[in-house]
Amino acid sequence: MGGMAGLEGMEQPRPRSDPAAARWGIPEADGGPARAPRGPVSAPPEPVGESPLGEVRLPSRPQSAGTARRLTACVLLKQWSLAPQLAEHAVLLVSELVGNAVRHTGARTFGLRMLRRRGWLRIEVRDPSRGLPCLMPVQEMDVSGRGLFLVDTLSDRWGVDLLPRGKTTWFEMRVTDR
């Protein structure tokens, strides 16, 4: 039995997905150094647009929620051909997470990342604030508290990971692979 063949099989999905992440139709990610997605992963000071993980940096302004929504819809529908209903929910949740990042963190930029693996879709919003969002009980919610209740309802899993500087708020949804 060739043990190597098994390893090669495991390596394959990566080159396929990385160039796609770099080709999100965002001007900064097109051309230039972003063409080498298999660069060293241990280089955080690089502009994040060139990260092999395909994170997109957006300015922390209310208008960015619209950009993030369009981006999400584009990747989920056109690139990954996911179900419209699923894409619609994901777009709504991205909007909420971006809204939280823009309203509550006082940061200049935030990062948006979309990951796809068998049976799952994961979307992350990264910002430099370590302040944790809180899930409020429904009855005492005003408009601003609604976001995480929606995330909790529409996603299969969600959470917040604290980073050395800042945090990543993420959610995952089950995807029926067609």
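Our structure is the block above this text.
Report follows, based on the coordinates. These figures come from a predicted structure and were not determined experimentally. (Residues numbered from 1 in each chain as written. Predicted model: local features only at pLDDT ≥ 70, side-chain atom pairs only at ≥ 80, totals over all residues. Heavy atoms only, no water.)

Glancing now at the pattern of salt bridges. Summed over the entire model, instances satisfying the criterion amount to nine salt bridges. Residue Arg-122 pairs with Asp-161 through a salt bridge whose shortest N-O separation is 3.7 Å. Taken together, the residues Arg-122 in strand 3 (residues 120–127) and Asp-161 in strand 4 (residues 157–162) connect sequence positions 39 residues apart. Its relative accessible area of 13% is what places Arg-122 among the buried residues. Where salt bridges share partners, they join Arg-113, Arg-117, Arg-122, Glu-124, Arg-157, Asp-161 and Glu-172 into one cluster. (Salt bridge = Lys/Arg side-chain N within 4 Å of Asp/Glu carboxyl O. Helix = DSSP H or I, 4+ residues; strand = E, 2+ residues; numbered from the N terminus. Buried < 20%, exposed > 50% of the residue type's maximum accessible area, 1.4 Å probe, protein only.)

With that out of the way, let us pick up helix 3 (residues 64–79). Compared with the 22 Å implied by 1.5 Å per residue over 16 residues, the 21 Å span of helix 3 between its first and last C-alpha is a close match. Looking at the buried positions of helix 3, the neighbouring elements they touch are strand 1 (56–59), helix 4 (84–104), strand 2 (109–117) and strand 3. Just downstream of helix 3, Ser-81 is the residue with a positive phi angle, here 50 degrees. (Expected span 1.5 Å × (residues − 1). Contact = heavy atoms within 4.5 Å.)

One open sheet accounts for five strands, arranged 1-2-3-5-4; its pairing is antiparallel. In this open sheet, the two strands that pair with only one neighbour each are strand 1 and strand 4. For this sheet, the mean angle separating the axes of adjacent strands, direction not counted, is 20 degrees. Helix 3 contacts strand 1, strand 2 and strand 3 of the sheet and is inclined by roughly 15 degrees relative to strand 2. The strands that helix 4 touches are strand 2, strand 3 and strand 5 (167–174); relative to strand 5, the one it contacts most, it runs at about 170 degrees. (Pairing = 2+ DSSP bridges. Axes fitted to C-alpha atoms, helices over the stretch in contact; angles between N-to-C directions.)

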